[in-house]
Amino acid sequence: MATLAPWWRERSQREQLLLAIMAALLLIVGLWLGVLRPLAAARDAAAERLALAETELGDVRAMAEPLRRAEALARPQAQTPLIEQVRRRIAEAGLTAERVEAAGDGVAVRIAAVKPVAILRWLAQAEGVDGMVVEQLQISRNSDDTLAVELALGRRA
């Protein structure tokens, strides 16, 4: 700095102004090339990685349900009696069964009033996850928007 001060004083006011402008422009170009462009490139790369990750997440979610079903089919039959398993699943689903009783090797269930979506979801889970099989199904429409359902469930052979 000691050698720069005399050099700077030797310059005319016009030269000092031009040198200051040049230094400011060099600083701006240096910031542009050294900071802003790498940050923009990093942002673009992150956006590409995010899009790829979202696509892969969708693919994994699409594959998860068939894998769960296959795992349930490969799983050995539960040691719990079927009637207890059915009662537990009905309670977990928040359904109210009028009757749950043993019928031969299976279980007979009567539900007086249930929303269609709730019973279909429950049946899909019973078949797909628990390995039960719907052997008989009788559905009738109630006066409101609910269904009365009678069904017989058995274990998958």
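Criteria and cut-off values
Residues numbered from 1 in each chain as written. Predicted model: local features only at pLDDT ≥ 70, side-chain atom pairs only at ≥ 80, totals over all residues. Heavy atoms only, no water. Helix = DSSP H or I, 4+ residues; strand = E, 2+ residues; numbered from the N terminus. Buried < 20%, exposed > 50% of the residue type's maximum accessible area, 1.4 Å probe, protein only. Contact = heavy atoms within 4.5 Å. Areas by Shrake-Rupley, 256 points an atom, 1.4 Å probe, with all protein chains shown as cover. Polar contact = N/O pair within 3.5 Å; in protein donor to acceptor, adjacent residues only side chain to side chain. Pairing = 2+ DSSP bridges. Axes fitted to C-alpha atoms, helices over the stretch in contact; angles between N-to-C directions. pLDDT = per-residue confidence, 0-100. Expected span 1.5 Å × (residues − 1).

(A) Structural view of the overall build of the protein. Secondary structure assignment for the protein yields four helices and four strands. The helix and strand sequence of the protein, counted from the amino end, reads α-α-α-β-β-α-β-β. In terms of its C-alpha atoms, the protein occupies a principal-axis envelope of roughly 110 × 40 × 25 Å. Within the protein, buried positions represent 19% of all 157 residues. Here the contacts in the protein between residues at least 6 apart in sequence split such that 49% fall between residues at least 24 apart. As presented, the protein carries roughly 11,600 Å² of accessible surface, and 60% of it is formed by carbon and sulfur atoms.

(B) Region of the structure containing the side chain of T146. Tracing the backbone shows T146 in the loop between β3 (132–141) and β4 (147–155). Of the polar contacts made by the side chain of T146, one reaches the side chain of N142; its length is 2.9 Å. Only 2.5 Å separates the side chain of T146 from the side chain of D144, close enough to count as a polar contact. Apart from the residues within four sequence positions on either side, T146 is in contact with A113, V114 and R141.

(C) Structural context of the sheet that holds strand β2 (residues 106–114). Strand order in this open sheet of four strands is β1-β2-β4-β3, and the pairing throughout is antiparallel. Edge positions in the sheet fall to β1 (99–103) and β3, since each has one partner strand and no second. Across the sheet, the mean angle separating the axes of adjacent strands is 15 degrees when strand polarity is ignored. Pairing of β2 with β4, which is carried by six bridges, proceeds in the antiparallel orientation. For R110, the partnering residue across the bridge sits in β4 and is E150.

(D) Structural detail: the confidence of the model for the protein. Averaged over all residues, the pLDDT of the protein equals 89, while 94% of them reach at least 70. Confidence scores differ between elements of the protein, with helix α4 (residues 116–128) showing the lowest mean pLDDT of 87 and β2 the highest of 93.

(E) Summary view of the pairing of β2. Pairing between β1 and β2: five bridges, direction antiparallel. When the sheet's bridge partners are listed, V100 is paired in β2 with V109. The antiparallel hairpin formed by β1 and β2 contains two residues in its connecting segment, where G104 sits at a positive phi of about 70 degrees.

(F) Up close: α4. Between its first and last C-alpha, α4 extends 18 Å over 13 residues, near the 18 Å set by a 1.5 Å rise per residue. Every buried residue of α4 is accounted for by I119, W122, L123, A126 and G128.

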